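Residue-level listing of the chains:
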Amino acid sequence: MAKIDFKKQFAKATAQAFQTVYPDIFKKQGEEQVFDNEFIYENLEKPKDPQLGRFAFPVFRYAKLLNDNPNEIAAKIAHKNNQLIKNTSESVPFEAVATGGFINAKINAEIEAQQTLEEILTKSSEYGSSKKGKGHKILVEYSSPNIAKPFGIGHLRTTILGNSLRRIFRKLGYEAIGINYLGDWGTQFGKMIVAYKKWGKKNKNTVADLYDLYVKIHREAEQDNKLNDEARAAFKKLEDGDKEITALWEYFKTISWAEFERIYNLMDIEFDWVTGESFLNDKMEQVIDRLKEAKLTSISEGALIVELDDPQLPPCLLKKADGATLYATRDLAGLLYRWDKYKFDEALYVVGSAQAVHFKQVFKVIDLLEKAENIPENNRIDGRAKHIDFGWVKFGDKMMSTRQGNIIFLEDVINKAVALAKEKIKEKNPDLKNIEETALTIGVGAVIFSQLSVRRQKDVNFDWNEVLNFEGETGPYLQYTHARLCSLIRNYHEEIVSDINYSLLHNEEEKRIIEHLSDFPELVHEAAKNYEPNFIATYLLKLSGAFNKFYQRKKEDGKIDKIISDDKELTSARMALVKAVQIILKEGLYLLGIKAPEEM
RNA sequence: GCCCCCGUAGCUCAGUAGGAUAGAGCGUCGGUUUCCUAAACCGCAGGUCGCAGGUUCGAUUCCUGCCGGGGGUACCA
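Since we're looking at a predicted model, the values are computed, not measured.

1. A short note on the overall build of chain A
1) Next: Regarding its fold elements, chain A presents 20 helices and 14 strands.
2) Next: Expressed as lengths along the three principal axes of its C-alpha atoms, the size of chain A is roughly 85 × 70 × 40 Å.
3) Next: The proportion of buried residues among the 600 residues of chain A is 52%.
4) Next: Of all intrachain contacts in chain A linking residues separated by at least 6 positions in sequence, the fraction that spans at least 24 positions is 75%.
5) Next: Distance between charge centres in chain A, computed from 86 positive and 91 negative side chains, equals 2 Å.

2. Comments concerning the sheet that holds strand E7 (residues 297-300)
1) Next: Read from one edge to the other, the open sheet built from 3 strands follows the order E7-E8-E9, with strand pairing classed as antiparallel. Where the open sheet ends on each side, the last strands, each with one partner, are E7 and strand E9 (316-319). Here the strands of the sheet are splayed against their neighbours by 40° on average, with no regard to which way each runs.
2) Next: Here E7 runs beside strand E8 (residues 303-306); their pairing, made up of 4 bridges, is antiparallel. Counted as the bridge partner of Ile-299 is Leu-304 from E8.

3. Let's talk about the domain arrangement of chain A
1) Next: Domain boundaries in chain A define domain 1 (6-107) and domain 2 (439-592).
2) Next: For domain 1 and domain 2, the distance between their C-alpha centroids amounts to 33 Å.
3) Next: Taken residue by residue, the interface counts 5 residues in domain 1 and 6 residues in domain 2.
4) Next: In terms of surface lost to domain 2, no three residues of domain 1 exceed Pro-50, Gln-51 and Arg-54, which account for 78% of the buried area on that side.
5) Next: Linking domain 1 to domain 2 there are 3 salt bridges.
6) Next: When the shortest N-O distance is used, the salt bridge between Asp-519 and Lys-46 registers 2.8 Å.
7) Next: Between the two partners, domain 1 and domain 2, sit 4 residue pairs in polar contact (both at pLDDT 80 or more).
8) Next: Residue composition of the side of domain 1 that touches domain 2, grouped by class: 1 nonpolar, 1 polar and 3 charged.

4. Focus: unusual backbone geometry
In most cases, non-glycine residues show a negative phi, while peptide bonds are predominantly trans.
1) Next: Phi at Asn-67 is positive, roughly 55°, even though this residue is not glycine.
2) Next: Within the secondary structure, Asn-67 sits in the loop between helix H3 (62-66) and helix H4 (70-88).
3) Next: Asn-67 sits in the exposed class, given a relative accessible area of 72%.
4) Next: Not every positive phi belongs to a glycine, and Lys-295 is a case in point at roughly 60°.
5) Next: Counting through the fold element by element, Lys-295 comes out in the loop between helix H11 (284-293) and E7.
6) Next: Lys-295 gets classed as exposed once you look at its relative accessible area, which sits at 73%.

5. Overview of the packing of helix H6 (residues 154-171) against helix H15 (residues 435-452)
1) Next: Where H6 meets H15, the closest approach of the two axes is 9 Å, and the angle between their N-to-C directions is 90°. As far as their axial angle goes, H15 and H6 are roughly perpendicular. Contact residues: H6 offers Leu-156, Arg-157, Ile-160 and Leu-161, while H15 offers Val-447, Ile-448, Gln-451 and Leu-452.
2) Next: Along the lines of polarity and charge, the residues of the contact of H6 with H15 split into 6 nonpolar, 1 polar and 1 charged.

6. Focus on the side chain of Gln-479
1) Next: Relative to the elements of secondary structure, Gln-479 occurs in helix H17 (residues 475-491).
2) Next: For Gln-479, a relative accessible area of 0% corresponds to the buried category.

7. Examining the packing of aromatic side chains
1) Next: If you walk through the whole model with that rule in mind, you get 34 aromatic pairs.
2) Next: Measuring from centroid to centroid gives 6.0 Å for Phe-169 and Tyr-531, while their planes differ by 40°, and the two rings are tilted. Linking Phe-169 in helix H6 with Tyr-531 in the loop between helix H18 (508-529) and helix H19 (534-551), this pair joins segments that are 362 residues apart in sequence.
3) Next: These aromatic residues form a ring-pair network of at least three members: Tyr-142, Phe-151, Trp-257, Phe-260, Tyr-264 and Phe-271.
4) Next: Above the plane of the ring of Trp-273 lies Lys-341, whose end atom (NZ or CZ) is 4.1 Å from the centre.

8. A word on the pattern of salt bridges
1) Next: Enumeration according to the criterion identifies 39 salt bridges in this entry.
2) Next: Measuring nitrogen to oxygen at the nearest pair gives 4.0 Å for the salt bridge that ties Lys-364 to Asp-367. Residue Lys-364 and its partner Asp-367 are located together in helix H13 (residues 356-372), separated by 3 residues, close to a single helical turn.
3) Next: Take Asp-367: its relative accessible area is 8%, and that puts it in the buried class.
4) Next: Residue Glu-436 pairs with Lys-422 through a salt bridge whose shortest N-O separation is 2.8 Å. Residue Glu-436 is found in helix H15, and its partner Lys-422 is found in helix H14 (residues 410-428); the two are separated by 14 residues along the sequence.
5) Next: Given the relative accessible area of 53%, Glu-436 is considered exposed.
6) Next: Judged by relative accessible area, which is 25%, Lys-422 ranks as partly exposed.

9. A closer look at the side chain of Asn-82
1) Next: Here Asn-82 is to be found in helix H4.
2) Next: Asn-82 gets classed as buried once you look at its relative accessible area, which sits at 15%.
3) Next: Beyond its immediate chain neighbours, meaning those up to four positions away, Asn-82 contacts Phe-94, Glu-95 and Ala-96.

10. Here's the deal with the sheet that holds strand E6 (residues 273-276)
1) Next: The sheet built from 5 strands is open, its strands ordered E6-E5-E4-E10-E11 with parallel pairing. Of all the strands in the sheet, the pair left with one neighbour each is E6 and strand E11 (385-388). Strand-to-strand, the axes of this sheet are offset by a mean angle of 25°, without reference to chain direction.
2) Next: Where strand E5 (residues 175-182) meets E6, 4 bridges bridge the pair, whose relative direction is parallel. Across the sheet, the residue bridging to Ile-179 is Trp-273, located in E6.
3) Next: Those strands touched by H6 are strand E4 (137-141), E5, strand E10 (346-350) and E11, and its axis lies near 155° from that of E10.

Calculation criteria
- Residues numbered from 1 in each chain as written.
- Chains lettered and ligands numbered in written order.
- Predicted model: local features only at pLDDT ≥ 70, side-chain atom pairs only at ≥ 80, totals over all residues.
- Heavy atoms only, no water.
- Helix = DSSP H or I, 4+ residues; strand = E, 2+ residues; numbered from the N terminus.
- Buried < 20%, exposed > 50% of the residue type's maximum accessible area, 1.4 Å probe, protein only.
- Contact = heavy atoms within 4.5 Å.
- Lys, Arg positive; Asp, Glu negative; His and termini not counted.
- Charge placed at Lys NZ, Arg CZ, Asp CG, Glu CD.
- Pairing = 2+ DSSP bridges.
- Axes fitted to C-alpha atoms, helices over the stretch in contact; angles between N-to-C directions.
- Domains from an automatic or database assignment.
- Buried area = accessible area lost by both parts, 1.4 Å probe.
- Salt bridge = Lys/Arg side-chain N within 4 Å of Asp/Glu carboxyl O.
- Polar contact = N/O pair within 3.5 Å; in protein donor to acceptor, adjacent residues only side chain to side chain.
- Nonpolar A, V, L, I, M, F, W, Y, C, P; charged D, E, K, R; others polar.
- Parallel < 35°, antiparallel > 145°, perpendicular 65-115°, else oblique.
- Phe/Tyr/Trp six-rings, centres within 6.5 Å; stacked < 30°, edge-to-face > 60°.
- Lys NZ or Arg CZ within 6 Å of the ring centre and 35° of its normal.

Below is the structure:
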């Protein structure tokens, strides 16, 4: 059976109906396109109440044009629509129903159920995958913690967002390359070196020790300006390749990376390329030369700058008055390097919104450079690089700031969440085999989900009670639902097949679930288009809610209408649905970076 | 000063390329289990969608102004 695209069929039939009912509409110059099936397809929406139908088309806009009132238009079109569809197909895919000024399409639920479940059970986790991105390269830079600073929850958001985006784009066939761009260079290392020489322990330093030094020197420097001078001098030495200073810097890096790696392993965060700002040390001068040759640079107050022809943007600083480079210089060199190396279609920077101006400057400089060098438009970076910004993580109404020491260590958060998960398991499922591993999965799942349950650009409050809550709209809730589904599959000792009696899945609860399942592919596209993993998080909550409702539905006698019953035909139909939900829930969680336990 | 983001139920958030009575979770109160995992489900209560205009058949959604919160605004990242 060829797959029916209900949406397209409905749009097409509606367009035809318009032309049949109002044959003179084409006499109106310039209005034709609003009656063609593409326009209608694009303007289809979901009815508020799913009982009204699967798609809806509002006709208010036509009232003036057709000189008729919306209710009449909807009624006439719906009527004609039904006539047309009955004449053209054997099995009726949908029924058009006029409600007010809307034409609602009640689609044939049995056909949709069959199409959807057959496809999911056949493709399994590949359902919703596509080849859309085939041949396209997309770089995703995320996490990028700073050496010598602890991995705080401030870095949690970029890490989780980027990791998820990488997986989402891969699902759509893109070659997505995750980049961890470590903050391993810059004047703060001058401060670190001075602090370490003054107060540091000789051995067995942890990141926490280094961080104490970092906070201390920031405080001291506020009182004593000489420290800042010393720090600048130290950083200059580092840039000049001083042996002793470089060894210290390497030492800081080793300590830090050990901690970062431990956290990435705990959280199952993946990268394809781990690099750092220092990687660009020998690549900045050539970029500066290019900019000079393009006559874009100038000296202002002793600093080397690029003036941007935008009154909204301050000039981009390439070199400070003391000759040291800045992070914009490094990002410029980095972007040009990545362009040479990858020829990407898109380069995403998953970085907090505080750096919006910085990225605007960097992208603007690139734009000016490419124009000045007359690079052909199809070979330009311009427009391909994007700042994927996100809001702050606040704690007790304060912004997290590593400089002020107002920070929560991510590892503490994970440890607490895992410990709590362990407690819950012992309380609820003490016989569980791999308690340690499951507790880790759940604890980490809770932490990850806490960052994805809010839209990117909003600030999030870090609230222990919320992160450590495993009930309601949380990661563990989704995981629990998944475990439940797996439990059903275990208890059903027969093979799950898609060759079932689809008419048995006719109740509202089952229909809602199938509708959600059928929406999944489009949803993944939307998430990618908006760089917004939260779409998937919200979707999974709805899917899980719909399933749990079905799972605990009661019969008329007040008892649970069990999925596995003596009615073999019914059970086999329901189990096909169960399996499909399990597949999608697991896949959706994977896209968020969360593991789906089979038992918990 | 200028620029950007945010302002939806007591709290945390969905909903926004305009559309049909604005939805969840947490918290309060009440109910459901001789157990297909109650980390669940059902119900009650809770809203001038910051305020005021404008565009529109229709605005939480778009535009303007204002109020409130946050961020940014050349030698930090």
